[in-house]
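Overview (structure and organization)
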Amino acid sequence: MSISYKDAGVDKHEGYKEVSLIKEHIKKTTRPEVLADIGGFSGLFKLKGYKNPVLVSGTDGVGTKLKLAFITGKHDTVGIDAVAMCVNDILCQGAEPLFFLDYIATGKLVAEKMADIVKGVADGCVMSGCALIGGETAEMPGFYSEDEYDIAGFAVGCVEEDEIVDYEKNVKEGDVLIGLPSSGVHSNGFSLVRKIVEINNLDYQKVYDGFDKTLGEVLLTPTIIYKDAVFAALKTKAIHGMCHITGGGFYENIPRMIPNGLCANVDLDNIEKPAIFDFLQKNGNIETKEMYGTFNMGIGYVFAVESAKKDEVLDALRSVGEKPVVFGEIVSGEEKCVIKGL
């Protein structure tokens, strides 16, 4: 008796169908530098317009936030998260996002579901101005369950060498910390989120007091892509350092742009927390310091700014629709990050 690849759990024709479904989404991400259509063995991108270019790259995934997509059946936003997690990181060096590649692995390839995921990836690429020039979808029966998948991404950007944001050289005592609001939990801390939901028997499909969406929808709100805000701020020539608040919250990420001997002195008074954080803290009985060491707590991106140009930076950020907040300053110290009152 002969068997086929399909008998082993891999349906090649479903893969062909997926490619046909995702082409329309990929097309909207194209840039003039892209030299080949999707479907080849690699993506081609001709670098233009730079005199002394430095390529900046980043790779990341969405983590266990994907579990919520499996539970709720909503798959069209996690692709935005995949792009955001990569792009926001390379923005920290002042790099322009150029192109993106994704990798999706699943137990059973369902073309329509994969197309939803890639739609999110394409949406994220449009938001960040980068081209989706390639990717891979792997059907892996027996490795992933049929209803599960994982997604990771890889972004490449470029910056002129003399325009790299070098926090080691530039961040200094007296700089002001300006934060950009997050949309919610973004894509970090979801193992703790799911533990809180589990121990309290919370329902992802329920609308809880204080929300106008189900808990699942609130938690699946995609990560903000800060590209427009970053480039508006960079035009002021006042940005000394930048950081993306991801896993590890304030205590791990802000210190990544603080040189030795200096400390971020953080004041929480001006930060408006999304309601989801109070909900999680209350239901999880979590200490406040643990919250700020795990989640973004309402601030998704941070600038260290020359104090004399603070107002100019604030105006630039507001001009692109952001609601920036001043929430601290750089002082002398060895702790790297101190939060007032904690």
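In the block above lies the structure referred to throughout.
Described below are features of the structure shown in this document. This one's a predicted model, so the numbers in the text were calculated from it and none came from an experiment.

**Examining helix H3 (residues 78-91)**
- Taking 1.5 Å of rise per residue, the 14 residues of H3 would be expected to cover 20 Å, and the 20 Å separating its terminal C-alpha atoms lies within 8% of that figure.
- In terms of burial, H3 is largely enclosed, as 13 of its 14 residues are buried.

**Details of the pattern of salt bridges**
- In the structure shown here, the tally under the stated rule is 13 salt bridges.
- For lysine 65, the salt bridge goes to aspartate 81, with nearest N and O atoms at 3.1 Å. Here lysine 65 is found in the loop between strand E1 (53-61) and helix H2 (66-72), whereas its partner aspartate 81 is found in helix H3, with 16 residues between them in sequence.
- In this structure lysine 65 comes out as buried when scored by relative accessible area, which is 0%.
- Residue classification places aspartate 81 among the buried positions, given a relative accessible area of 0%.
- Where arginine 318 meets aspartate 315, a salt bridge forms, and the shortest distance between an N and an O atom there is 3.6 Å. Residue arginine 318 and its partner aspartate 315 are both found in helix H12 (residues 310-318); the two are separated by three residues, about one turn of the helix.
- Using a relative accessible area of 48% as the deciding quantity, one classes aspartate 315 as partly exposed.
- The network of salt bridges with shared partners includes Lys28, Lys119 and Asp123.

**Comments concerning unusual backbone geometry**
- In this structure, methionine 297 takes a positive phi of about 55° despite not being glycine.
- As for its placement among the helices and strands, methionine 297 is situated in the loop between helix H11 (288-292) and strand E8 (299-305).
- In this structure, lysine 336 is a non-glycine residue whose phi angle is positive, near 75°.
- Relative to the assigned elements, lysine 336 resides in the loop between strand E9 (325-332) and strand E10 (337-339).

What counts and what doesn't
Counting of residues starts from 1 at the beginning of each chain's written sequence and follows it residue by residue. Per-residue local features of the predicted model are confined to residues with pLDDT of at least 70, and side-chain atom pairs are confined, for both listing and counting, to 80 or more; whole-chain, interface and lining totals are unaffected and use all residues. As a rule here, side-chain values come from all non-hydrogen atoms in the structure, and water together with hydrogens is ignored. Counting from the N terminus, the helices are the DSSP runs of H or I reaching at least four residues and the strands are the DSSP runs of E reaching at least two. Multiplying one less than the number of residues by 1.5 Å gives the expected span of a helix. We call a residue buried when its accessible area falls under 20% of the maximum for its residue type, exposed when it is over 50%, and partly exposed in between, using a 1.4 Å probe and counting protein chains only. Any Lys or Arg side-chain nitrogen located within 4 Å of an Asp or Glu carboxyl oxygen qualifies as a salt bridge.

The quantities given are spatial measurements derived from coordinates; they are silent on function.
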